[in-house]
Amino acid sequence: MSGVEIRELETFLVLAQELHFGRTGERLYVSQSRVSQLLRSLESRIGAPLVERTSRRVRLTPLGESFLADLRPAYDTLRATVEGARAAARGMGGELRVGFQGTVDGCLGRAIALFTDRHPDCAVTIVEIPLSDPFGALRRHEVDCAVVLLPVAEDDLALGPVFSRQPQTLAVSARHPFAARESLSAEELADCRLIGIDGGAPEYWRRAQAPALTPGGLPVPAGPTVNTLQEGLSLAAADRGAMLLCRSTADYHGRRGSLAFVAVRDLPASELGLVRHRARPSPRAEAFARAVAEITGPAS
């Protein structure tokens, strides 16, 4: 690295955000002249200007823009690695925040109990996350890991273990023609309006929970969209649409007299997975992932 110092890189990153030497100094708790000195030192090591400064404005040079694009993810990864090592050195004390969608079933409850037995100095907090935003709480650092419905195809998130493989059921109003059925084929979804997921969930994820086509290619009418599971169940009970759920969720939320749950054949099974940050691994979250894997065993 030819003697490049972390402080020089930090100064450049802050200056690239602020585009003002005075504000950069304030954020770094150094003088404006020190900011200039650190920047000149970095530019000297690189061999070309990274910042263009005039009496009226500060802006990055083309090389500075390119350097910023490459430096930011590398710096974030380095910082996360250092923070992870510091956390490991401090031990497992503190708090583990686990997000979940739907219900905390017996499997997840046993995993929490196992983790608590192994790490009694770490408090576990359970945080419900909305159905419409499975990954947002994790990315906003509101939780350390989250149990979400699959599929998960997010480059910045690590997935695993995968567990709770269960058949799909359809929640319908007790007045719906399907309510008296024990089961129906996936092709028959073309005869009902499926309640969809609103909000910031990725399109591929929302389509997995409320497919637009049957496996045979028949269009499935779109029903209203919801943000939470309770909203969906309420709309299904009011006969505003039908909602796909895994079997255990259907059993937990069964409402005698207002809802019926009908097994759906020929659909991919519903699965849950534990997700956490890929670039910012948390020792607590990784330890919890191991506990979940021991409790659940291979996905089935």
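This section reports on the structure supplied with the text.

Calculation notes
Residues numbered from 1 in each chain as written. Predicted model: local features only at pLDDT ≥ 70, side-chain atom pairs only at ≥ 80, totals over all residues. Heavy atoms only, no water. Helix = DSSP H or I, 4+ residues; strand = E, 2+ residues; numbered from the N terminus. Expected span 1.5 Å × (residues − 1). Buried < 20%, exposed > 50% of the residue type's maximum accessible area, 1.4 Å probe, protein only. Contact = heavy atoms within 4.5 Å. Pairing = 2+ DSSP bridges. Axes fitted to C-alpha atoms, helices over the stretch in contact; angles between N-to-C directions. Phe/Tyr/Trp six-rings, centres within 6.5 Å; stacked < 30°, edge-to-face > 60°. Lys NZ or Arg CZ within 6 Å of the ring centre and 35° of its normal.

### Describing helix H10 (residues 283–296)
At step 1: The first and last C-alpha atoms of H10 sit 20 Å apart over 14 residues, in line with the 20 Å expected at 1.5 Å per residue.
At step 2: Buried within H10 are the following residues: Arg284, Ala285, Ala287, Phe288, Ala289, Ala291, Val292 and Thr296.
At step 3: Buried residues along H10 sit in contact with strand E3 (94–100), helix H5 (106–118), strand E4 (122–128), strand E5 (145–149), strand E6 (157–166) and strand E13 (270–277).
At step 4: With its phi angle positive at about 70°, glycine 297 sits one or two positions after the end of H10.

### Details of the sheet that holds E3
At step 1: Spatially, E4-E3-E5-E13-E6 is the arrangement adopted by the five strands of the open sheet, whose pairing is mixed. Either end of the sheet is taken by a strand with one partner, and the two such strands are E4 and E6. Strand-to-strand twist across the sheet, computed as the mean angle between neighbouring axes with direction ignored, equals 20°.
At step 2: Bridge analysis of E3 against E5 gives three bridges, and the strand direction is parallel. For valine 98, the partnering residue across the bridge sits in E5 and is cysteine 145.
At step 3: Against the sheet, H5 makes contact with E3, E4, E5 and E6, and its axis sits at roughly 160° relative to E4, the strand it touches most.

### Topic: the packing of aromatic side chains
At step 1: For the structure shown, the criterion picks out two aromatic pairs.
At step 2: Aromatic pair phenylalanine 12 and phenylalanine 67: ring centres 5.2 Å apart, planes at 50°, arrangement tilted. In this pair, phenylalanine 12 sits in helix H1 (residues 6–18) while phenylalanine 67 sits in helix H4 (residues 62–90), placing the two residues 55 residues apart along the sequence.
At step 3: Since its relative accessible area comes to 1%, phenylalanine 12 is described here as buried.
At step 4: A residue is classified by how much of its surface remains accessible, and phenylalanine 67, at 23% relative accessible area, is partly exposed.
At step 5: The positively charged end of arginine 53 is found above the aromatic ring belonging to phenylalanine 21, 3.8 Å away from the centroid.

Fair warning: the whole summary comes from geometry, so function is off the table for now.
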